[in-house]
Protein chains: 2
Amino acid sequence: MFDAVSRVVIVGTGLVGASVGLGLKRAGFTGRVVGVGRTPATLETAKRVGAIDEGTADLAEAVTHDGKLVVVVCVPVGTMGEVFRGLAPHQRRGLYVTDAGSTKLSVAADGRRYLTQPQFFVPAHPMAGSERSGPEAADGGLFRGRPCVLCPHDDAADDAVSAVRGMWEALGATIHVMTADQHDKQVAAVSHLPHLVAVLLAHTADDLGPLGLASTGFRDTTRLASSNPPMRTDIVAANAKPIGEALDRLAANLNELRGLVRKGRTDDLLDLFTDAAAIRDAWLDGG
Amino acid sequence: MFDAVSRVVIVGTGLVGASVGLGLKRAGFTGRVVGVGRTPATLETAKRVGAIDEGTADLAEAVTHDGKLVVVVCVPVGTMGEVFRGLAPHQRRGLYVTDAGSTKLSVAADGRRYLTQPQFFVPAHPMAGSERSGPEAADGGLFRGRPCVLCPHDDAADDAVSAVRGMWEALGATIHVMTADQHDKQVAAVSHLPHLVAVLLAHTADDLGPLGLASTGFRDTTRLASSNPPMRTDIVAANAKPIGEALDRLAANLNELRGLVRKGRTDDLLDLFTDAAAIRDAWLDGG
């Protein structure tokens, strides 16, 4: 179904948007890739790195096209609604909408509120990113082998689901279909919590003294703390309840660990560490 | 001073010990490198990868040498004392001892307890490692550009300090000299805490549901959870007090974060995330 699509419009050509464009080019997509954004320099960079064929600030112009097209909205989750409002007057069968936002309940709600034909919107979340940002950090292989969640509403149009699914598959992603609610709970645990843990570690180590002895372990465990702060703030605001519950569980586990360390319970610590290694290794093995 | 050393004896040829051997060869060390260990297969692998010239189970035989030598003890911190006890009868001027243990107060105390000439022992901690283990994972560049802490006692012999310092410098490490107490507090924050945070994250995410959507962020933030559980248990036991204090601080910071998320304090969250990114970036820049 994505084969019939002859244009892709990328709204927001930062790291993720530009990586979509580069990845489509690499996958042999022969249609036109149009970038939409407010900052001319960003669009120019996206064009220079080969992520888009042309850039414009005018969404209406970008979606004016006779054939089928997919609009991929790659803006912060807090500004999705504004883009949907701009898209609404141009909606028609054959214009499919997806996004790359890190939360799905709020984005799906914005879609139903602002789009006039929400049946052509299929919310998506490609689980890939980088602590870097901007089109100069784009990577055409960013989504390859990574999960991409689709959260189609019950009344989503079949052709929309299949066109959007086909686009993410063309980028090499592995598709997972679930409800927006399931998605938000799962990513709170496996994606948003790791960022918050990295933030806590950076602050706590810094509180305790000089960081001069820190090495590769500290570097990797805190990597996510370098990711874009406004984007991360947006995500926490949009997914506050599941994130709050994940932090509550973390606090309970931390208190248990503090007790084991204080009481010198080495057998229990060994079990805890062995289980953690097993959990990670099973996940790495795809188990 | 390390120039005058014509033999290096590596007790324990796992990842760190074998990396010492490989690194010395790469640095042009022309003396003999002898591995000591209880497991013939480990010594054979260390020899096959080029980390040692010969292996033996007999420590006395390994240190029988007419010239100056450095003995590098690369065993878990819980078994350092046993090695020192074996070394004690063979101590003499020109036989210098160092180690690669992750804690220093307990190792320094073991040295003073079991060695007959503790003035020739210079406790060391090269801040490098891997979640992998064994001589097959050895890397001659493991210590290059990484901090290596030396904690010489006030009455350490100058020739011992300079020979040991020269050896770690030959491996490319950047030397930091401090007391064992300062070391243990600093590594609790920048090295031991990251492991415990990775363990907590792996358990918490697993408690909350399936890990199928986890991606590169989860992979990197939990990397240290895969590191050797018995070795990590040993480290926590040997450095329990500073680690307990680091966990207390982590818990206080976590509780503050939970409050910000619960109350939807996005301005404060943005500040917290911005500061965390700044802390990490300043450290990466060597600030």
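Whatever comes next refers back to the structure up there.
Quick notes on the rules
Residues numbered from 1 in each chain as written. Chains lettered and ligands numbered in written order. Predicted model: local features only at pLDDT ≥ 70, side-chain atom pairs only at ≥ 80, totals over all residues. Heavy atoms only, no water. Helix = DSSP H or I, 4+ residues; strand = E, 2+ residues; numbered from the N terminus. Contact = heavy atoms within 4.5 Å. Areas by Shrake-Rupley, 256 points an atom, 1.4 Å probe, with all protein chains shown as cover. Buried area = accessible area lost by both parts, 1.4 Å probe. Salt bridge = Lys/Arg side-chain N within 4 Å of Asp/Glu carboxyl O. Nonpolar A, V, L, I, M, F, W, Y, C, P; charged D, E, K, R; others polar. Phe/Tyr/Trp six-rings, centres within 6.5 Å; stacked < 30°, edge-to-face > 60°. Buried < 20%, exposed > 50% of the residue type's maximum accessible area, 1.4 Å probe, protein only. Pairing = 2+ DSSP bridges. Axes fitted to C-alpha atoms, helices over the stretch in contact; angles between N-to-C directions. Least-squares fit on C-alpha atoms with pLDDT ≥ 70 in both. Right-handed = clockwise from strand over helix to strand, strands pointing away.

Novice: Got a minute to help me understand the overall build of chain A in this structure?
Specialist: The helix and strand tally for chain A stands at 11 helices and 9 strands. By its C-alpha atoms, chain A is 70 × 40 × 30 Å across when sized along the principal axes. Across chain A, every contact between residues at least 6 apart in sequence was considered, and the portion connecting residues at least 24 apart equals 73%. When the accessible surface of chain A is split by element, carbon and sulfur atoms take 48% of a total near 11,100 Å².

Novice: Which parts of the structure should I look at to understand the interface of chain A and chain B?
Specialist: The figure often quoted for interface size is the accessible area lost as the parts come together. Each side of the interface is counted separately: chain A has 79 residues, and chain B has 79 residues. Summed over both sides, the interface of chain A with chain B buries roughly 7,500 Å², with 72% coming from carbon and sulfur. The interface formed by chain A and chain B holds 6 salt bridges in total. A salt bridge links Asp-207 of chain A to Arg-249 of chain B; the nearest nitrogen and oxygen atoms lie 3.3 Å apart. Elements with a contribution of two residues or more to the side of chain A that touches chain B: strand S8 (147–150), helix H7 (180–208), helix H8 (216–221), helix H9 (229–238), helix H10 (240–263) and helix H11 (266–284) of chain A. Of all the elements, H7 of chain A adds the most residues to the side of chain A that touches chain B, at 20 residues. Split by residue class, the side of chain A that touches chain B holds 47 nonpolar, 19 polar and 13 charged.

Novice: Where do I start with the packing of aromatic side chains in this structure?
Specialist: The description of an aromatic ring pair uses the distance of the two centres, along with the angle that the planes make with each other. All names here are of chain A. In total, this model carries 10 aromatic pairs over all chains according to the counting rule given. Between Phe-2 and Phe-29, the ring centres sit 5.5 Å apart and the planes meet at 20°, which makes this aromatic pair stacked. Here the residue Phe-2 occupies a position in the segment before strand S1 (5–11), and Phe-29 occupies one in the loop between helix H1 (15–26) and strand S2 (32–36), the gap between them amounting to 27 residues. Summarising the burial analysis for this pair, Phe-2 and Phe-29 share the class buried.

Novice: Which parts of the structure should I look at to understand the sheet that holds strand S5 (residues 95–99) of chain A?
Specialist: Remark on secondary structure: sheet strands pair via backbone hydrogen bonds, oriented parallel or antiparallel. Residues and elements named next belong to chain A. Ordered by their spatial adjacency, 6 strands build an open sheet running S3-S2-S1-S4-S5-S6, and the pairing between neighbours is parallel. Looking at which strands have only one partner, the edges of the open sheet turn out to be strand S3 (54–56) and strand S6 (121–122). Inspection of the sheet shows S2 paired to S3 by 3 bridges, in the parallel sense. Residue Val-36 lies in a different strand from S3, and its bridge partner there is Thr-56.

Novice: How should I be thinking about the environment of His-192 of chain B in this particular structure?
Specialist: Residue and element names in this part refer to chain B. Mapping His-192 onto the fold places it in helix H7 (residues 180–208). His-192 sits in the buried class, given a relative accessible area of 3%. For the pair His-192 and Pro-242, spaced 50 residues apart in the sequence, the C-alpha separation amounts to 9.6 Å. Those residues within four positions of His-192 in sequence are excluded, and the remaining contacts are Ser-102, Thr-103, Val-187, Ile-235, Asn-239 and Ile-243.

Novice: What is the right way to read the sheet that holds strand S9 (residues 174–177) of chain B from this model?
Specialist: Residue and element names in this part refer to chain B. If you trace the 3 strands from one edge of the open sheet to the other, you get S7-S8-S9, paired in mixed fashion. Every interior strand has two partners, whereas the edge strands, strand S7 (124–126) and S9, have only one. Across the sheet, the mean angle separating the axes of adjacent strands is 20° when strand polarity is ignored. Examined bridge by bridge, S7 and strand S8 (residues 147–150) share 3 bridges and lie antiparallel to one another. Across the sheet, residue His-125 finds its bridge partner in S8, namely Val-149.

Novice: Can you walk me through the relation of the copies chain A and chain B in this structure?
Specialist: Mapping between the two chain copies consists of a rotation about an axis together with a translation along that axis. Of the transformation superimposing chain A on chain B, the axial component is 0.0 Å and the angular component is 180°, with the fit at an RMSD of 0.0 Å. Accordingly, the operation relating the two chain copies is best matched by a two-fold axis. Taking C-alpha positions as the reference, the residue of chain A nearest the rotation axis is Thr-221 of chain A, at 2.1 Å. With an isologous cut-off of 70% or more, the 100% of interface residues of chain A that recur at the interface of chain B puts this contact in the isologous class.

Novice: Whenever I open this one, the pairing of S8 of chain B confuses me. Can you help?
Specialist: If a strand is regular, its side chains alternate between the two faces of the sheet. Residue and element names in this part refer to chain B. Because side chains alternate across S8, one face comprises the buried residues Pro-147 and Val-149, and the other comprises Cys-148 and Leu-150, equally buried. When S8 meets S9, the two strands line up parallel, connected through 4 bridges. Counterpart to Leu-150 in the pairing with S9 is Val-177. Once the chain exits S8 it traverses helix H6 (residues 158–170) before rejoining the sheet at S9, and the crossover so formed is right-handed.

Novice: I'm lost on the side chain of Asp-110 of chain A in this one. Help?
Specialist: Note that Asp-110 of chain A resides in helix H5 (residues 105–114). The contact partners of Asp-110 of chain A, leaving out residues within four places of it in the chain, are Val-77, Met-80, Gly-81, Phe-84 and Leu-115 of chain A.

Novice: When you look at the environment of Lys-241 of chain A in this model, what are you seeing that I'm missing?
Specialist: Residue and element names in this part refer to chain A. You can see Lys-241 is positioned in helix H10. Among the residues examined, Lys-241 registers a relative accessible area of 62% and is labelled exposed. Sequence separation between Lys-241 and Ala-188 is 53 residues, and the spatial gap between their C-alpha atoms is 9.1 Å.

Novice: Would you explain the pattern of salt bridges in this entry?
Specialist: Between side chains of opposite charge, pairing is possible as soon as their charged atoms come close. For the structure on display, the rule yields 30 salt bridges over all chains. The salt bridge involving Arg-38 of chain B is made with Glu-82 of chain B; its shortest N-O contact spans 3.4 Å. Residue Arg-38 of chain B is located in the loop between strand S2 (32–36) and helix H2 (40–48), and its partner Glu-82 of chain B is located in helix H4 (residues 80–87); the two are separated by 44 residues in the primary sequence. With a shortest N-O distance of 3.2 Å, Glu-245 of chain B and Lys-241 of chain B are connected by a salt bridge. Of the two residues, Glu-245 of chain B and Lys-241 of chain B both sit in helix H10 (residues 240–262), 4 residues apart, roughly one turn of that helix. The class of Glu-245 of chain B is partly exposed, set by a relative accessible area of 36%. By sharing partners, the salt bridges in this structure join Arg-219 and Asp-220 of chain A together with Arg-223 of chain B into a single network.

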